[in-house]
Amino acid sequence: MNLIFLYICSFIDAKHVADCLRYVCTRFYEVLSSDTAWKCRLRERCPNMLPAVDYVDDEPDWLELCYQIESELQLWKRERDKMSKISWSVDSCIDAVKLIDRGKRVISGSRNRDLQVWDVDSRQLQTSIILAHAGWIWDLAIDNDKLYSCSWDSSISMRDLTDNLREINSYKCSAAVLSIVCREGLLVGGLFKPEVVAFDPRQKEPIFSYNPHRAAVTGLALVGDNYLVSASEDKSIAVWDLRTREPVNENIVVSCDNSFPLSIYYNNNLLYVGDTRANVHIISTNNGVFEKKVSCHLESAGQAKLTSIWHGLGCIIVGSTDKSVKIFQPSQPLDLICELSVTGEVTSIDYDYSTLAIGSSASVEVWKTTDTFDT
């Protein structure tokens, strides 16, 4: 009887099964809360998903995993019906975007040195800080109500998101700052030389710095509370233990030939790294052991650079200099769901609450929906 019931449920989307049908009665709740039921459903819907799940340490929440996979698949398979595209043309390349307020606003940093806040619902420019830096703005990071921006002027700026981006503090570094990450009590910058520098945001002077590479630092990621990962033009990633302030192991070489890692993103015990030859590298972080699992090449026009990458339970999103954003299922191998054409070369992406923000050499674009599933 359970198998027949689950077969019937397979024709109903995961949202309605999990949020409605599961609560009809005690028996339905028992059957539809089973890990086995959702694991079998996922095996049928996405058979290539399971090897990717093996890379994570903890047993996944199979209901949530299946829910997210089906949600993103439905959303992006029907993106022309479900998504509205909003675009603002710009006169200078946008190298960094961040979504705030549950996808209702997007912040951009550009090569004309301006910080701008765009209102997605009204489609208007809401705030503009002219010459927020003295050099190109290259990356943005957010911690609660604070916005951090970094620039080729060798500085990091802290601004108040609740007060029209009023500058609160600034931090001087010894070279151009190409990437930043932050959390409460910690701000880290990767420099245009083999150096990573860390600040306590409450004070201007660095609390420590180190040199884990032989070339410029192109990307950073915080892994849990204990580890900081840096990517570099020397083709490797380095792992730093924030507790001991020592390297965890030898650098992991991820790229070969003339390529090097350019974008990095951490989530769900996995690091995804994109390089300058359209390769994606997956690194597991189980129990503090960092291990390269697999690399795959994305088909693109010419030797495209993967300038930005985002991944969650339901999808992997990659932005490229081939003027595209590609959305994949988090399977092994990666399974393309859809491809979005962008006005210019993609430099940065952010994704939150079914809203995708894209920065490019010609525009700021937002793809947005109000509902993940048809009703």
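Keep in mind the model is a prediction, meaning the values are calculated, not measured.

(A) Representation of the sheet that holds strand β3 (residues 105-110). Read across the open sheet, the four strands follow the order β2-β3-β4-β5; overall the sheet is antiparallel. Because the sheet does not close on itself, it has two edges, and the strands there are β2 (94-100) and β5 (124-129). Sheet twist, expressed as the mean angle between neighbouring strand axes with direction ignored, is 20 degrees. Bridge count for strand β4 (residues 115-119) against β5 is five bridges, and the pairing is antiparallel. Within β5, the position partnered with Leu115 by the bridge is Ile129.

(B) Up close: the packing of helix α4 (residues 35-45) against helix α6 (residues 62-77). Running from N to C, α4 and α6 cross one another at 30 degrees; their axes reach a closest spacing of 8 Å. With respect to their mutual orientation, α4 and α6 come out roughly parallel. Both α4 and α6 take part in a crossing whose hand is left-handed. Between α4 and α6, the contacting residues are Asp35, Trp38, Lys39, Arg41, Leu42 and Arg45 on the first element and Trp62, Leu63, Leu65, Cys66, Ile69 and Glu70 on the second. For the contact of α4 with α6, a count of residues per class yields seven nonpolar, no polar and five charged.

(C) Local environment of the environment of Val342. Checked against the element boundaries, Val342 lands in the loop between β26 (335-341) and β27 (346-352). Between the C-alpha atom of Val342 and that of Glu299, which follows or precedes it by 43 residues, the distance is 17 Å. Residues within four places of Val342 in sequence aside, it is in contact with Lys323, Ser324, Val325, Ile358, Ser360 and Glu365.

Definitions and limits used
Residues numbered from 1 in each chain as written. Predicted model: local features only at pLDDT ≥ 70, side-chain atom pairs only at ≥ 80, totals over all residues. Heavy atoms only, no water. Pairing = 2+ DSSP bridges. Helix = DSSP H or I, 4+ residues; strand = E, 2+ residues; numbered from the N terminus. Axes fitted to C-alpha atoms, helices over the stretch in contact; angles between N-to-C directions. Parallel < 35°, antiparallel > 145°, perpendicular 65-115°, else oblique. Left-handed = near helix turned anticlockwise from the far one by under 90°. Contact = heavy atoms within 4.5 Å. Nonpolar A, V, L, I, M, F, W, Y, C, P; charged D, E, K, R; others polar.

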